[in-house]
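One-letter residues, chain by chain:
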Amino acid sequence: MPYIVSGAANNSISKALADIDNAEFKYDYPGGLKLKPGSELHNKIVDEVMRRARESYEAISSRHPSWRRMDQVNTSYKYVDDTEEKIQDKDDRKPVSILFPYTYAVRETLLTYLVTAFFQDPLFTYEGVGDDDVVGAKLLTLLVRMHCMRNKIPLALHTMFGDSLSYGIGPVSPGWTRRRGSRIKEVTGSAFDLEGVEVAGESIKEFVKGIVFEGNDLENIDPYRYLPDPNVASHKIQDGEYLGWWRQSDYMKLLNEESMDEGCFNIRYLKLLKNKLSFLSGDPSDRNKKENRPDLRSSVNTNKIDVIPMYIDLIPSEWGLGKGDYPEKWWFEVAADSIVIRAEQMQQHHGMFPVAVACPDFDGYTATPISRLETLYGLQHTLDWLFNSHIANVRKAINDMIVYDPWMINTNDVKDPKAGKLIRTRRPSWGKGKVTDYISQLGITDITRTHLADSNYIAEWMQRLVAADDSMMGMTRTSGPDRLTGQEFQGTRGSALSRLQRLSMMISLQAMQDIGFFFASHAQQYITKETYVQVLGDLPEKLAAEYAGGKTRLKVSPSDLYIEYDVIPRDGSIPGGNFSESWIQLFNIIGTDPELRQMFDVPRIFIHIARELGAKNVEDFKKAVSLTQPKVVPDEVIEKEMDKGNIVPTGA
């Protein structure tokens, strides 16, 4: 029987599926499952996925109004009403109400700190668990580094940081991507001599199709389209029963995915559907309305299709997916709320939902915590009012408010807006006293002149709440003593850095560590070909010399990655923020004290200070050290070895 979903938005699904019941596309479904649209198992999967999607969307959508306000205050576009629109229609040079972009400035300051703290090369560092894992962990670090460069992972991380600050959550989905194309390969042709013997011919170059790149990728999940289990906290998504989101695609892209991925099917049935959008379709963020852009989803030139990927912990025997009586993780994708295009048991070695979430301001209980910038909305709203009320008062004041006697004064001359105008009196006023008796201007009182000064106090409180003071914004202090002492600057900046370091440490533990773990696990499981990686300066000299033989490139094979590893999380600090001046003073003391020089490794301390000050490639300036160390041998031993012929004098 056809699948029916309650709700007006899905009343046409039953008829649509009835239209394709007679269609027959020959698909070999995974595991021998019967997943043709309209079958009992197919309809059950659609029903279970959509039920969870609706449950999650109803819980998450309650936060959408607050998120839309965050999108609004993070810009500085005009925000006019009907009255001000008429004013601009008459004279577009007159100022109107705007959204004062101070929350945007605060957001940029916090983002700058996070980018500086995390965008250090390499992004993810791994450490071997056992002695036999040391080399593999270093190679894994270099391989993941190359993936991050090729797939521009920092761009996705930047979006994740911004989402976590604005909406309270920044979800991402790590994955593995393979790009197919053609490579140039040199092939030696064959030829025959006069006697018919085959000999080597000329080398020719030909294009060979295949995989040109494979590696880790990172996909941002729009918080408006995020569908987590609302019964678990935002930082404990792995404890939930399901996890999903919805994404926009099109028919051509899905058809191409079906041709390359054996786990994707039923795409050709989608062409028979008239409505290919989800009940989530539209733009819950109203971003298109804010920027006055058309909704491209309604384009007649692109066959848009909404897809809901969802990971579910389930018991296969209850779903009809197998005989197992214990929970298993399965991955489903439902297109257009009605067609299953993927149903497979998750085979990832990490055994987790492949999603990470950054939620630095989590409360430990709710699925959608209040973001850091949301706490500033009340102050931002007051700041907008102070600024715009002053603008409105000034606009009112610069328009002359005149009281005159129309019997004595020419009305058209009074209405003339030109400067240097001449106002004529009427004949009855001639010779009858002062002109000021017939015309005067009303007194103007600016009750909003202190609003701009008051806005400074509002801005200072916004900075205090999020630890984005003037020094963090790159500005000098505007209040207090005329001279800012170095001790005062270092103390206040150190306190602000400590608060921001707490913010970045939470993101490191919640998202960055999980992403690094996913990347390493995917590299171990999915890599199929040898890859060359660049040798970095932080590899120990002995390891680099023994493994690379002095080369700048290493070949990484899949077998090299069969190791046990740990992800080394970053502490959230930034270069130059870890009391570098104190380290320089200690370095000077150690360098001048013989006993301290024997106790401490002076070169390593120097490298640490250089890194803290922001030097990223300090290892490039180190001298090459030979692995063959000179030995002191007694003269009698040398004479005996020379007699045996084991050693010879230099130059002999």
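Note: the structure precedes this text.
Predicted model, so just to flag it, every value in this text is computed and none were measured.

(A) Structural context of the nonpolar core. Counting 63 residues, the largest nonpolar core has Phe-124, Tyr-126, Leu-157, Met-160, Phe-161, Ile-515 and Phe-519 as its most contacted members. No other element matches helix α15 (residues 486-526), which puts ten residues into this core.

(B) Structural view of a positive patch on the surface. Among the surface-exposed residues, Arg-150, Arg-179, Arg-183 and Arg-553 lie close enough to one another that they form a single positively charged patch. Considering the arrangement of structural elements, one finds Arg-183 in strand β2 (residues 170-192). In this structure Arg-183 comes out as partly exposed when scored by relative accessible area, which is 43%.

(C) A look at the side chain of Arg-342. The topology assignment puts Arg-342 in strand β9 (residues 339-345). Residue classification places Arg-342 among the buried positions, given a relative accessible area of 1%. Within the local environment of Arg-342, its side chain forms a polar contact with the side chain of Glu-344, the two groups lying 3.5 Å apart. With residues near it in sequence (within four places) discarded, Arg-342 still touches Glu-257, Asp-261, Gly-263, Cys-264, Phe-265, Trp-331, Phe-332 and Glu-333.

(D) Spatial organisation of the pattern of salt bridges. According to the stated counting rule, one finds 16 salt bridges in the structure shown. For the salt bridge of Asp-313 with Lys-329, the shortest nitrogen-to-oxygen distance reads 3.6 Å. Pair noted here: Asp-313 is in strand β7 (residues 304-314) and Lys-329 is in strand β8 (residues 328-335), with a separation of 16 residues, a long-range link. Here Arg-342 makes a salt bridge to Glu-344, at a shortest N to O gap of 3.5 Å. Judged by relative accessible area, which is 25%, Glu-344 ranks as partly exposed. One salt-bridge network, in which partners are shared between bridges, spans Lys-44, Glu-48, Arg-51, Arg-52 and Glu-241.

(E) Representation of the side chain of Ser-56 in the model. One can find Ser-56 in helix α2 (residues 40-60). Of note is the side chain of Ser-56, whose polar atom sits 2.7 Å from the backbone oxygen of Pro-228. Not counting the four nearest positions on each side in its chain, Ser-56 is found in contact with Tyr-226, Leu-227, Pro-228, Pro-230 and Tyr-242.

(F) Summary view of empty space enclosed by the protein. All chains considered together, the criterion is met by two cavities of 30 Å³ or more. Together, Phe-118, Leu-123, Phe-124, Thr-125, Ser-508, Met-512, Gln-513, Val-567, Ile-568, Pro-569 and Arg-570 line the largest cavity. When residues of the lining of the largest cavity are traced back to their parent elements, those giving at least two are α15 and β15 (565-568). With three residues, the single largest contributor to the lining of the largest cavity is α15.

(G) Representation of the packing of helix α5 (residues 102-118) against helix α14 (residues 451-466) in the model. The geometry of α5 relative to α14 is characterised by a closest axis approach of 11 Å and an angle of 30° between their N-to-C directions. In terms of orientation, α5 and α14 fall into the roughly parallel class. Between α5 and α14 lies a crossing of right-handed hand. The segment α5 lies against α14, with Tyr-102, Thr-103, Val-106 and Leu-110 engaging Ala-459, Met-462, Gln-463 and Val-466. A class-by-class count of the residues in the contact of α5 with α14 yields six nonpolar, two polar and no charged.

Conventions we followed
- Residues numbered from 1 in each chain as written.
- Predicted model: local features only at pLDDT ≥ 70, side-chain atom pairs only at ≥ 80, totals over all residues.
- Heavy atoms only, no water.
- Core = buried A, V, L, I, M, F, W, Y, C linked by side-chain atoms within 4.5 Å.
- Buried < 20%, exposed > 50% of the residue type's maximum accessible area, 1.4 Å probe, protein only.
- Helix = DSSP H or I, 4+ residues; strand = E, 2+ residues; numbered from the N terminus.
- Patch = residues over 30% accessible without salt bridge, like charges linked within 9 Å, V, L, I, M, F, W, Y side chains within 5 Å.
- Areas by Shrake-Rupley, 256 points an atom, 1.4 Å probe, with all protein chains shown as cover.
- Salt bridge = Lys/Arg side-chain N within 4 Å of Asp/Glu carboxyl O.
- Lys, Arg positive; Asp, Glu negative; His and termini not counted.
- Charge placed at Lys NZ, Arg CZ, Asp CG, Glu CD.
- Polar contact = N/O pair within 3.5 Å; in protein donor to acceptor, adjacent residues only side chain to side chain.
- Contact = heavy atoms within 4.5 Å.
- 1 Å grid on protein atoms, 1.4 Å probe; cavity = no way out; pocket = protein on both sides within 12 Å on 5 of 7 lines; lining within 4 Å.
- Points joined across faces, edges and corners; volume = space filled by probe spheres on them.
- Axes fitted to C-alpha atoms, helices over the stretch in contact; angles between N-to-C directions.
- Parallel < 35°, antiparallel > 145°, perpendicular 65-115°, else oblique.
- Left-handed = near helix turned anticlockwise from the far one by under 90°.
- Nonpolar A, V, L, I, M, F, W, Y, C, P; charged D, E, K, R; others polar.

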